[in-house]
Amino acid sequence: MIDLFSGLDAWVVVSLMLALTFVLAFEFINGFHDTANAVATVIYTKAMPPHLAVFFSGVFNFLGVLLGGVGVAYAIVHLLPVELLINVNTGHGLAMVFSLLAAAITWNLGTWYFGIPASSSHTLIGSILGVGLANALISDIPLGDGVNWQKAIDIGMSLVLSPMAGFAVAALVLLGLKWWRPLSKMHKTPDQRRKLDDKKHPPFWNRLVLVISAMGVSFVHGSNDGQKGIGLIMLVLIGIVPAKFVLDLNSTTYQIERTRDATMHLSQFYERNAATLGEYLALGKAKSADLPEQFSCNPQQTEPTIAALQSSLQGVTDYRALSAEKRVEVRRYLLCLDDTAKKVGKLPGLEPREKADLEKLRKDLTATTEYAPFWVIVAVALALGLGTMVGWKRVVLTVGEKIGKQGMTYAQGMSAQITAACAIGMANIFSLPVSTTHVLSSGVAGTMVANKSGLQGGTVKTILLAWVLTLPATMGLAAGLFWLASKAIG
C-alpha cells in the first residue's frame, strides 16, 4: 500500500486520502445502519445480550467481506457505462466519487437518525445512477447511454424480487414450524415467555438457531454489502491513480497468458459464428488502422480491438513492464471486448453451448481487471465490522415491535433470519447486490401476516415510503452534486 503514494502530486495524494476516507465512512455508516437489521431479532428475543450480539455480528461481517470475493463489487461498478469507465480522468473521477458518496452518506445518516430501515444498497445504486445520468447530460450523451441499463435492470429486479421472496418464504417457514410443533414454546414472544414461564431467554434449541442464523445474516451481509465498498474503492483508485490500478499488477505470467489466449479464442469464436454475428460485428470489414484516436466501444470495431490488444500483450509477462499509458490502453480494450461479448451473448441465434463458451471467455478476459488488492478488502472489512458495533438501537426496536401489531415470537425471528441468510447467500453466488434491510424486514412482515398478528400501518408505510423515495432522492442529490463539481473543475 505504501507504493500507492509514490510519484504522486501532493494535491492528488490529498484527494485520494479524502476519497478513501469517504468510502470507508460510507462502509462504517453502512455497518451501524444495516447491521442493526442483522442483530435485531436476536437482541429483541433475548437470545443474546446486545453487546455480545453486536460484537459477534461485527466479527462475522468482517469475515464476510474478507471471504466474499469481488463479483458483487464489479456488478456495482458496471452500473456505469463502459465509456465512462474507460475515459475517466483524475478530476472527473474525483467529482464522480465525491458526488455519489456524499449523496449516499447523507441519505443513510438521515434514515438512520429517524430509525427507518432504509437500504444502503438502494442508496448507493441510486447515487451511481444519478452520477451516470448527470454525466450524460453534461457530456451531451443520450440518456439511454448514460447508464448501463441492462445491468441496472438486472440489479433492480434483484432488489425488487428479493423482499417479495423474503416475505413469502419467511411466512411459509413460520407456517411449517406451526404445523410441525403447534404447541411449542418457540411460538411465544419474549414478554409471554417471561410472564408465563418466568424465563428471560428462549428455549435452548430456539436460542441456538436464532444465534446461528443471526451470525449467518451478518456473514452474508458483510459479503454482499462489503463488496459494494470494495467496488467504490476500486472506482476511486482507477479514477485517481489509473496507472497503478487499471490492471492487477500482481498478475502472474500464467494469468496474463490466459488473458492473451482468451482474446485469440474470442476471435476464433466470432469467426466460427460469422454467419450469425458477421453483420453485427462488421467481421472482415474493419482493420486495425480503423480504431479512432478517441477510443470508444463499438461492436463494429471488435476485430481491430482484438488485433490491437494482441499486439499490446505480445511478449508481455509482467504488467509492470508496460508504460502507464499502455496499461490504460490494455484495460480499455479488455473492457470493450467484454462489453461487446456480453451484448453478443444476448443476441438470438446463438446455441446455448456457444453462449456458455462465451461466458467462460469473458471470465478470462476480465480476470486481471476485476480484482481488488488485499489491503482494500481488509480496510472495508474493518470499517464495516467496526461500524456494526455502534448505532444499532434505533432500528432494533422498529424491527422487533413496530412492524407487527404484536411482539415478535421466537419462531418468527428464526423464520425471518433463516430466510434472509439464504436469500442473501444466493444473491452472493449470482453476484447480485440485494438489500439486507428489505429482505429481513419484509421477512418479519411475512411472519406477522402468517401469524395473523397484523401489521402496523404507520411503520410499514414509513418503510415503503423510504423504499420508494430512496432511488429518486439519491439520484437527484448525486446528479446535482456531480453537476456542481463538474462546473467547479471544468
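To keep things clear, this report deals only with the structure shown in the data block. Model, not experiment: these values are computed from the prediction. (Residues numbered from 1 in each chain as written. Predicted model: local features only at pLDDT ≥ 70, side-chain atom pairs only at ≥ 80, totals over all residues. Heavy atoms only, no water.)

**Quick word on the overall build of the chain**
A count of helices and strands for the chain gives 20 helices and zero strands. Here the chain has a C-alpha radius of gyration of 24 Å; the compact-globule value for 490 residues is 23 Å, and the two agree. Here the C-alpha coordinates of the chain stretch approximately 85 × 55 × 40 Å along the principal axes. Split into buried and exposed, the 490 residues of the chain put 54% on the buried side. For the chain, long-range pairs separated by at least 24 residues make up 83% of all intrachain contacts whose partners lie at least 6 apart in sequence. Surface summary for the chain: the accessible area is close to 20900 Å², and the carbon and sulfur share equals 64%. When the 39 positive and 32 negative side-chain charges of the chain are each reduced to one mean point, those points stand 16 Å apart. (Helix = DSSP H or I, 4+ residues; strand = E, 2+ residues; numbered from the N terminus. Rg over C-alpha atoms; globule rule 2.2 N^0.38 Å. Buried < 20%, exposed > 50% of the residue type's maximum accessible area, 1.4 Å probe, protein only. Contact = heavy atoms within 4.5 Å. Areas by Shrake-Rupley, 256 points an atom, 1.4 Å probe, with all protein chains shown as cover. Lys, Arg positive; Asp, Glu negative; His and termini not counted. Charge placed at Lys NZ, Arg CZ, Asp CG, Glu CD.)

**Description of the environment of K228**
Structurally, the position occupied by K228 is in helix α9 (residues 204–240). In this structure K228 comes out as buried when scored by relative accessible area, which is 2%. Taking the C-alpha atoms as reference points, K228 and A73, 155 residues apart in sequence, are found 4.9 Å from one another. When near neighbours in sequence (up to four residues on either side) are disregarded, K228 contacts E27, V72, I76, S121, L124, P433 and V434.

**Details of the nonpolar core**
If you look at the biggest cluster of nonpolar residues, it comprises 92 residues, and the most contacted ones within it are I230, L237 and Y270. With ten residues, the top contributor of residues to this core is helix α5 (residues 90–113). What I230 contacts, discounting residues up to four positions off in sequence, is V65, G69, V70, A73, A372, V376, I377 and V380. (Core = buried A, V, L, I, M, F, W, Y, C linked by side-chain atoms within 4.5 Å.)

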